[in-house]
Amino acid sequence: MLLNIVRTACRSPCTNVLTKPGRSTITAPPVRWLNGKGVDSERNFRIRSTVYYVAAAGVLTVGLSYAAVPLYRMFCQAYSYGGTTSQGHDAEKVESMQKVKDRVLKIKFNADIGASMRWNFKPQQTEIKVVPGETALAFYSAKNPTDHPVVGISTYNVIPFEAGAYFNKIQCFCFEEQQLNPHEEVDLPVFFYIDPEFIEDPKMELVDSITLSYTFFESKDGVNIQMPVYGKQHG
């Protein structure tokens with residue numbers, strides 16, 4: 001029963017050779033000698049890595065929140081997504097376009113505010129009726145009920161999204177900073193028309209109602225919101 005350990009007490013993994021009288025040599029599996037420091041070091045490395053990842057994610061989230069409005073604007077205006085248009089209105093076209101009187105559309109208006117926005121914001125009319133090729137004017141109202149000046153900026157979309165390609169705004173208040181002094185209230189106009197080509201699109205055949213929705217966010221200090229060159233022609 002006497003066991004002879006041929007290799008002993010090494011720091012790297014080692015192999016024990018066990019022998020018994022009258023029997024062949026038995027090789028035991030490698031034995032790893034641990035003092036606890038390796039485990040702690042690996043655990044600390046993993047904790048530090050996790051902290052770094054969380055911190056980086058936090059910084060990225062904050063950065064994206066500041067950039068959300070300009071990024072949203074650039075993406076939407078470049079790809080006609082969410083009710084924005086990729087080309088500005090043509091003044092000559094507006095003057096010469098013909099009304100499609102037998103296709104009446106109901107335009108609904110919606111207003112929302114961001115989580116940190118302190119304004120009161122609402123449309124002055126719930127809906128109006130227009131026909132393709134007809135210009136129309138609608139109003140929203142915004143009020144700052146606080147005792148401090150508040151600067152806001154808005155985005156918008158059109159539902160259904162496909163109708164955004166035909167919803168042209170000649171003048172609006174989107175993507176421009178608006179400062180309201182304490183308890184100040186303003187009227188915000190939207191001058192628009194539905195392109196007559198709307199009736200030629202098979203996807204618009206069953207569409208008789210379009211919703212224009214604006215959302216106001218509080219504009220943070222230090223954020224420079226620039227209107228892209230191709231966006232300035234939208235009015």
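Residues numbered from 1 in each chain as written. Predicted model: local features only at pLDDT ≥ 70, side-chain atom pairs only at ≥ 80, totals over all residues. Heavy atoms only, no water.

By the naming in an unreviewed UniProt entry, the protein chain is Cytochrome c oxidase assembly protein COX11, mitochondrial, taken from Anopheles stephensi. The UniProt entry for the protein chain carries this comment under Subcellular location (unreviewed entry): "Mitochondrion inner membrane". In its Subunit (unreviewed entry) section, UniProt records this for the protein chain: "Interacts with CNNM4/ACDP4. Interacts with RANBP2." (UniProt positions renumbered as here; feature names shortened; annotations may be inferred.)

**Q** What should I look at first to understand the overall build of the protein chain in this one?
**A** Check the secondary structure of the protein chain and you find two helices and 11 strands. Listed N to C, the secondary structure of the protein chain is β-β-α-α-β-β-β-β-β-β-β-β-β in terms of helices and strands. Taking the intrachain contacts of the protein chain between residues at least 6 apart in sequence as the baseline, contacts between residues at least 24 apart amount to 73%. As presented, the protein chain carries roughly 14900 Å² of accessible surface, and 54% of it is formed by carbon and sulfur atoms. (Helix = DSSP H or I, 4+ residues; strand = E, 2+ residues; numbered from the N terminus. Contact = heavy atoms within 4.5 Å. Areas by Shrake-Rupley, 256 points an atom, 1.4 Å probe, with all protein chains shown as cover.)

**Q** Please explain the side chain of Ser 219 as it appears in this structure.
**A** Structurally, the position occupied by Ser 219 is in the segment after strand 11 (209-218). A relative accessible area of 9% means that Ser 219 is categorised as buried. A polar contact is formed between the side chain of Ser 219 and the side chain of Glu 177, at a distance of 2.7 Å. For Ser 219, the contacting residues outside a window of four places in its chain are Val 151, Gly 152, Ile 153 and Glu 177. (Buried < 20%, exposed > 50% of the residue type's maximum accessible area, 1.4 Å probe, protein only. Polar contact = N/O pair within 3.5 Å; in protein donor to acceptor, adjacent residues only side chain to side chain.)

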